[in-house]
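Chain and residue survey
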Amino acid sequence: MSNVDQQAQGGAKQGFAFGISIVAAALLFVAGLVAVFQGISALANDDIFGRTPNYVFQFDLTSWGWIHLILGILAVLIAGGLAVGADWARVSAIIIASLSIIAQFLWLPYYPAWAILIIVLDIIVIWAIST
């Protein structure tokens, strides 16, 4: 393989990797934004959320609101770092997406549709960043 072919192949791989990281940044941004809205809604004691009487990991709805709001804000900030190609953002994105999966799993009894949607987005983000 000639040097020109190797450079072209390396450029294609680098372009693909950049595209994947932009997609991961966009998905993390969306997941973070949804978590922010979820947190605001929980803080407002909205009637959207169901209340489960005997849930093992039951917190006050206000506590869940703060948890989702903080995770969402961090996810949006880290998505910005991913979009500009910051090295710290790749590891941080995997960590925040993992924490978000745990929080959403614990949030399942309150609003299963949102929780499953965010879990799926977080799994896609982790996959996109890890590949």
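Note that the structure is a prediction, hence the values are computed from the model and not measured. (Residues numbered from 1 in each chain as written. Predicted model: local features only at pLDDT ≥ 70, side-chain atom pairs only at ≥ 80, totals over all residues. Heavy atoms only, no water.)

Details of a nonpolar patch on the surface
Convention followed: In this analysis, a patch consists of residues with relative accessible area above 30% that form no salt bridge, clustered at 9 Å for like charges and at 5 Å for the nonpolar side chains Val, Leu, Ile, Met, Phe, Trp and Tyr. Note on areas: these come from Shrake-Rupley sampling with a 1.4 Å probe, and a residue is covered only by the protein chains present in the view. Here, a salt bridge means any Lys or Arg side-chain nitrogen found within 4 Å of an Asp or Glu carboxyl oxygen. Helix and strand assignments follow DSSP, with helices taken as H or I runs no shorter than four residues and strands as E runs no shorter than two, numbered in order from the N terminus.
A contiguous nonpolar patch, built from Phe29, Val30, Leu33, Phe37 and Ile40 and spanning about 430 Å² of accessible area, is present on the exposed surface. Examined against the element boundaries, Ile40 turns out to sit in helix α1 (residues 3-43).

A short note on helix α4 (residues 112-130)
In plain terms, the rule: Expected span of a helix, by definition, is 1.5 Å for each gap between consecutive residues, and there is one gap fewer than residues. Relative accessibility under 20% of the residue-type maximum defines a buried residue, over 50% an exposed one, and the middle range a partly exposed one, all with a 1.4 Å probe and only protein chains included.
For α4, built from 19 residues, the straight-helix expectation of 27 Å at 1.5 Å per residue is met to within 8% by its first-to-last C-alpha distance of 27 Å. Every buried residue of α4 is listed here: Ala115, Ile118, Ile119, Leu121, Asp122, Val125, Ala128 and Ile129.

Here we look at the packing of aromatic side chains
Put simply, the rule is: Aromatic rings from Phe, Tyr and Trp, with only the six-membered ring used for Trp, were paired whenever their centres fell within 6.5 Å, and each pair was classed as stacked if the ring planes differed by under 30 degrees, edge-to-face if by over 60, and tilted otherwise.
Taken as a whole, this structure holds 1 aromatic pair when the rule is applied. When the centroid spacing of 5.7 Å and the interplanar angle of 65° are considered together, the rings of Trp64 and Trp107 count as edge-to-face. Here the residue Trp64 occupies a position in helix α2 (residues 61-84), and Trp107 occupies one in helix α3 (residues 87-107), the gap between them amounting to 43 residues.

Considerations on the confidence of the model for the chain
Here is the rule we go by: You can read pLDDT as the predictor saying how much it trusts each residue, on a scale of 0 to 100. Two residues form a contact once any of their heavy atoms are found within 4.5 Å.
A residue-level look at the chain finds 76% of positions with pLDDT of 70 or above and a mean pLDDT of 81. No element of the chain has a lower mean pLDDT than α1, at 75, and none a higher one than α3, at 92. Segment residues 4-8: pLDDT under 50, and 1 contact once partners within four positions in sequence are set aside and those in other chains are kept.

Regarding the environment of Ala103
Relative to the elements of secondary structure, Ala103 occurs in helix α3. Taking the C-alpha atoms as reference, Ala103 lies 9.2 Å from Ile119; in sequence the two are 16 residues apart. Apart from the residues within four sequence positions on either side, Ala103 is in contact with Trp64, Ile67, His68 and Leu71.

Some details on the nonpolar core
Which entries qualify depends on this criterion: To form a nonpolar core, buried Ala, Val, Leu, Ile, Met, Phe, Trp, Tyr and Cys residues must be joined to one another through side-chain atoms within 4.5 Å.
Core analysis: the biggest nonpolar cluster contains 18 residues, and Leu28, Ile78, Leu82, Ala93, Ile96 and Ile129 have the highest contact counts within it. Of all the secondary-structure elements, those providing two or more residues to this core are α1, α2, α3 and α4. For Leu28, the contacting residues outside a window of four places in its chain are Ala75, Ile78, Ala79, Leu82, Ala93, Ile96 and Val125. Counting 7 residues, the second largest nonpolar core, distinct from the first, contains Leu61, Trp64, Trp107 and Tyr110.

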